[in-house]
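Here is how the chains run, residue by residue.
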Amino acid sequence: MRLLLRRAVTGAFALVAALGVSATSASATASGTWTVSPAGSYIGNAGATTIGGGTLAVSCASSRISGSLLASDADGLAAGTLMPSMFSTCTASGGAFSISVGPTPWKVNLLQRNASNPSRIDVSISGVTLGMSGTGCSVTGTGTLYGQYDNTTGQLLIGPTTAPASQVLAGAGSSCLGRVNPGNALSFKATYTLTPKQTITPPA
């Protein structure tokens, strides 16, 4: 009888210990999660937008994006989507240009809190296909853009000088009167004000 009781007590302690470990692990996992509020669908509007590469700079009067963000994500990768939907009045050297984008949506990846500005979150935008065309010019590139989201202003900055350089590279068939050559990095600079404003919180 005593042997049975001892085994029951030992088993109970083992169960409590196991549950304790499980609870601790669950708490650690929860605290290691990116959160976004209110999340869901958003739109973003920007004024002056510049897209270029080599010695070419195409200036657009305005641009617009749309997409969605997950409320929570374990590692921040593919935590949202971004779809450029409009580029207005784009010109370079006095000539009209058109901007095209490849398969969308592009993926928004949450990387880390910005080291210099704690209100900002470093992000990357992957799966990008970007094109520019005008008289004597046809350029298409693929790769990854970098930016920052500012929790204070609610703005997504694509291509700020404090972010890593664009890894969207002009493809082999690109030509632009020698102004853009295959392998050149294509830049994208714009500041989008998101509606609704989002709050992005990195893992604790």
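Located above this text is the structure these notes cover.
From a predicted model like this one, the values you see are computed outputs, not experimental measurements.

Basis of the calculations
Residues numbered from 1 in each chain as written. Predicted model: local features only at pLDDT ≥ 70, side-chain atom pairs only at ≥ 80, totals over all residues. Heavy atoms only, no water. Helix = DSSP H or I, 4+ residues; strand = E, 2+ residues; numbered from the N terminus. Contact = heavy atoms within 4.5 Å. Areas by Shrake-Rupley, 256 points an atom, 1.4 Å probe, with all protein chains shown as cover. Disulfide = S-S within 2.5 Å.

### Observations regarding the overall build of the chain
Across its full length, the chain holds one helix and 14 strands. Of all intrachain contacts in the chain linking residues separated by at least 6 positions in sequence, the fraction that spans at least 24 positions is 64%. Here the chain has roughly 10400 Å² of accessible surface; of this, 60% comes from carbon and sulfur atoms.

### Considerations on the state of the cysteines
Within the structure shown, the criterion is met by two disulfides. Here C60 pairs with C90 through a disulfide, and the sulfurs are 2.0 Å apart. Sign of the S-S torsion, about 110° for the bond between C60 and C90, identifies this disulfide as right-handed. Placement of the pair is C60 in strand β4 (residues 56-69) and C90 in strand β6 (residues 80-92), with a sequence separation of 30 residues. Between the sulfur atoms of C137 and its disulfide mate C176 the distance is 1.5 Å. Looking along the S-S bond of the C137-C176 disulfide, the torsion reads about -85°, which is the left-handed sense.

So, to be careful, I would describe these as geometric facts and stop short of saying anything about function.
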